[in-house]
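# Breakdown of the fold
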Amino acid sequence: MHPIIQFGDYAGTAVFALSGGLAAAQKRLDIAGFVLLAFVTAVGGGTMRDLLLDRGEVFWVREPLYVILGVAPGVLVYFAADRVRSRERAIIWADAVGLAVFAVIGTGIAMQQQVSSLTAVLMGVLTASGGGVLRDVVRNEVPLLLKRELYAVAALAGSAVMVGSTRAADAAPGVAVAGGLLVAFGVRAAGIIWRLHLPAFQPRSD
Amino acid sequence: MHPIIQFGDYAGTAVFALSGGLAAAQKRLDIAGFVLLAFVTAVGGGTMRDLLLDRGEVFWVREPLYVILGVAPGVLVYFAADRVRSRERAIIWADAVGLAVFAVIGTGIAMQQQVSSLTAVLMGVLTASGGGVLRDVVRNEVPLLLKRELYAVAALAGSAVMVGSTRAADAAPGVAVAGGLLVAFGVRAAGIIWRLHLPAFQPRSD
Amino acid sequence: MHPIIQFGDYAGTAVFALSGGLAAAQKRLDIAGFVLLAFVTAVGGGTMRDLLLDRGEVFWVREPLYVILGVAPGVLVYFAADRVRSRERAIIWADAVGLAVFAVIGTGIAMQQQVSSLTAVLMGVLTASGGGVLRDVVRNEVPLLLKRELYAVAALAGSAVMVGSTRAADAAPGVAVAGGLLVAFGVRAAGIIWRLHLPAFQPRSD
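Presented here is a report on the structure given in the accompanying data block. (Residues numbered from 1 in each chain as written. Chains lettered and ligands numbered in written order. Predicted model: local features only at pLDDT ≥ 70, side-chain atom pairs only at ≥ 80, totals over all residues.)

## Quick word on the overall build of chain A
Each helix and strand counted, chain A has seven helices and zero strands in total. Each helix and strand of chain A, ordered N terminal to C terminal, gives the series α-α-α-α-α-α-α. Computed over C-alpha atoms, the radius of gyration of chain A comes to 17 Å, within 12% of the 17 Å expected from 2.2 N^0.38 for 206 residues, which places it in the range of a compact globule. Each of the three principal axes of chain A carries a C-alpha extent, and together these read 55 × 50 × 30 Å. Among the 206 residues that make up chain A, the fraction classed as buried is 59%. The long-range share in chain A, meaning contacts at least 24 apart out of those at least 6 apart in sequence, stands at 72%. (Helix = DSSP H or I, 4+ residues; strand = E, 2+ residues; numbered from the N terminus. Rg over C-alpha atoms; globule rule 2.2 N^0.38 Å. Buried ≥ 20, exposed ≤ 12 C-beta atoms within 10 Å, placed from the backbone. Contact = placed C-beta atoms within 7 Å.)

## Observations regarding unusual backbone geometry
All names here are of chain C. Its identity is not glycine, yet Arg 28 carries a phi of approximately 50°, on the positive side. Positionally, Arg 28 belongs in the loop between α1 (3–26) and α2 (31–52). Looking at Arg 28, the number of C-beta atoms within 10 Å reads 14, which means it is partly exposed. Backbone geometry places Asn 140, a non-glycine residue, at a positive phi of 70°. Looking at the secondary structure, you find Asn 140 in the loop between α5 (117–138) and α6 (152–167).

## Points about the packing of helix α4 (residues 88–112) of chain A against helix α5 (residues 117–138) of chain A
All names here are of chain A. Between α4 and α5, whose axes approach to 7 Å, the crossing angle comes to 145°. Where α4 crosses over α5, the handedness of that crossing is right-handed. Each of Leu 99, Phe 102, Ala 103, Val 104, Ile 105, Gly 106, Thr 107, Ile 109, Ala 110 and Met 111 in α4 lies in contact with α5, whose residues at this interface are Thr 119, Ala 120, Val 121, Met 123, Gly 124, Val 125, Leu 126, Thr 127 and Ala 128. Among the residues making up the contact of α4 with α5, the classes are represented as 14 nonpolar, five polar and no charged. (Axes fitted to C-alpha atoms, helices over the stretch in contact; angles between N-to-C directions. Left-handed = near helix turned anticlockwise from the far one by under 90°. Nonpolar A, V, L, I, M, F, W, Y, C, P; charged D, E, K, R; others polar.)

## Here's the deal with the interface of chain B and chain A
On the side of chain A, 26 residues touch chain B, which itself brings 25 residues to the contact. Secondary-structure elements contributing two or more residues to the side of chain B that touches chain A are α1 (3–26), α2 (31–52), α3 (64–85) and α5 (117–138) of chain B. In terms of residue class, the side of chain B that touches chain A is made up of 15 nonpolar, three polar and seven charged.

## What to know about the packing of α1(B) against α2(B)
Helices that pack against each other are described as a pair by the angle of their axes relative to one another and the distance between those axes. Residues and elements named next belong to chain B. The N-to-C vectors of α1 and α2 enclose an angle of 140°; their axes lie 7 Å apart at closest approach. Here α2 runs oblique to α1, going by the angle between their axes. Note that α1 runs across α2; the crossing there is right-handed. Of α2, the residues touching α1 (which contributes Thr 13, Phe 16, Ala 17, Ser 19, Gly 20, Gly 21, Ala 23 and Ala 24) are Gly 33, Phe 34, Leu 37, Ala 38, Phe 39, Val 40, Thr 41, Ala 42 and Val 43. Here the residues of the contact of α1 with α2 are counted per class, giving 11 nonpolar, six polar and no charged. (Parallel < 35°, antiparallel > 145°, perpendicular 65-115°, else oblique.)

## With respect to the relation of the copies chain C and chain A
Screw-axis analysis of chain C against chain A gives a translation of 0.0 Å along the axis, an RMSD of 0.0 Å, and a rotation angle of 120°. Put plainly, the chains are arranged around a three-fold axis. Every residue of chain C has its C-alpha some distance from the rotation axis, and the shortest such distance is that of Asn140(C), at 3.6 Å. (Least-squares fit on C-alpha atoms with pLDDT ≥ 70 in both.)

## Looking at the relation of the copies chain B and chain A
Of the transformation superimposing chain B on chain A, the axial component is 0.0 Å and the angular component is 120°, with the fit at an RMSD of 0.0 Å. The overlap is low: 12% of the interface residues of chain B also sit at the interface in chain A, so different surfaces are used on the two sides.

## What about the environment of Ser165(B)?
All names here are of chain B. Among the structural elements, Ser 165 can be located in helix α6 (residues 152–167). Through-space distance from the C-alpha of Ser 165 to that of Gly 179 is 8.2 Å; in sequence the pair is 14 residues apart. Non-local contacts of Ser 165, meaning those with residues more than four positions away in its chain, are made with Ala 171, Val 175, Ala 176 and Gly 179.

Purely geometric numbers; function is a separate question.
The following block contains the structure:
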């Protein structure tokens with residue numbers, strides 16, 4: 001993995017864990033709850049990807065650093081939730097970086113296994129947004145991403161650009177990854193800046 | 001796989017995805033939510049079966065058709081929920097076909113791995129009803145099948161007939177499959193027609 | 001597996017299934033719901049462990065006894081909930097035994113795969129408390145263990161003692177297992193007897 005991607009992966013893991021901790025604070029859980037939600041949010045997407053693609057032990061089993069990065073922010077939020085929350089803006093942007101990196105990593109891993117383009121894109125979306133879905137399932141909320149943000153869509157766009165540029169346009173791996181990162185981050189950034197939301201389904205009232 | 005079973009499998013996937021889309025409409029999710037719930041409902045049961053039986057990559061990773069059949073109906077419901085809902089009766093019956101086919105496929109896959117009869121039946125039930133449980137877990141509802149219909153029970157009956165006729169009565173595979181299909185569909189049909197429900201647990205009030 | 005551990009594993013499976021059945025009774029589910037919750041509670045933790053560690057078919061696929069022990073108590077509670085509930089005190093203590101045994105088994109399996117100490121402890125906690133989390137996720141409640149008891153913490157303490165005594169102090173396997181069992185059970189027992197709870201997160205009100 002390129003050092004920049006690797007760094008983004010670690011950073012994304014930690015930021016996703018922060019968001020899990022903040023979700024635990026909303027529910028006033030105990031510290032075990034903070035740790036569980038932080039870890040599930042941080043590694044849930046990549047874990048499902050590894051299971052579905054039959055990649056052997058999931059990625060964090062041999063890499064304790066991911067476990068630490070996935071757990072420690074939960075403890076941090078438990079003891080300093082106010083301070084963490086006062087940086088909410090920074091967390092949202094760091095989360096957008098994590099989203100883009102996770103999408104690109106998930107897509108890249110799937111492409112290495114020579115799956116179809118559709119599946120590769122799906123694995124990018126799953127890696128980027130699966131942890132957030134699991135977080136909300138565990139804490140008994142309707143998954144946020146299902147109701148609000150341009151989130152899974154950003155991962156979808158970035159993953160599709162990466163797969164498309166590689167397979168249709170024969171782009172070099174570095175170019176495809178950079179393109180995927182930029183598009184995923186850009187769509188998410190547009191959603192944050194202009195407060196774009198996917199429209200909720202409206203039943204016809206007649 | 002016999003062409004009829006294969007067709008039923010595809011049809012069942014699409015119908016289960018429709019039911020996932022309708023479940024998303026009840027919650028007024030956005031289109032990402034429709035797609036997620038459709039896909040989870042359509043492939044969730046078979047996915048858990050493949051993971052538990054260690055069958056390598058799960059079945060849809062190499063078969064984009066399942067992904068399309070699991071996703072497209074969610075998009076369809078988002079844009080035409082009223083039209084889909086007006087065919088509710090047809091959907092319920094198509095769902096019953098899917099239930100029977102999924103139960104038979106799950107049981108058959110497990111039997112190929114020479115597991116015990118108990119596990120084979122369990123895998124039939126899981127394949128047929130696991131997606132619906134996941135759907136309700138993700139959208140934050142108590143799983144419907146736990147409270148109402150003769151659903152898991154129909155899968156159980158069909159799977160048991162298939163395993164029993166093969167292992168106890170030495171039935172030919174085609175006969176066992178046909179028997180399992182008929183029984184699963186028959187139990188479900190009886191439940192639909194006569195509105196049979198499993199009794200809910202009643203705590204003694206004394 | 002040592003016969004005593006094996007016995008504890010079977011007993012723990014059955015007791016966890018009882019707790020799943022009682023959780024179904026609170027929700028007034030039908031008998032399919034009782035069976036599902038009993039089974040998920042009983043084998044959920046070990047199943048996730050086996051999937052994450054890539055141990056092939058999960059442990060109960062070839063061992064119908066686990067399926068029976070995971071399902072039968074659910075049926076029992078459905079038909080005799082009052083009698084089961086009148087033994088609540090005994091169930092809580094049997095559950096504490098199950099917790100300790102599951103933690104030690106999960107940790108031991110992970111150590112056999114030579115994972116890091118951190119991962120080994122995590123697998124002990126997951127094996128012991130994962131089923132309870134899944135139970136509450138399926139029945140649409142915030143996981144109990146996230147809000148109340150010294151539960152995951154007891155598993156954590158026992159697993160840590162087992163890993164630490166083996167790797168840092170070179171303890172014989174039997175000694176490490178006995179130590180882990182005692183500590184996990186002891187922490188849980190202390191929590192039961194003195195009604196110790198982890199403090200819930202309190203947002204600062206200023």
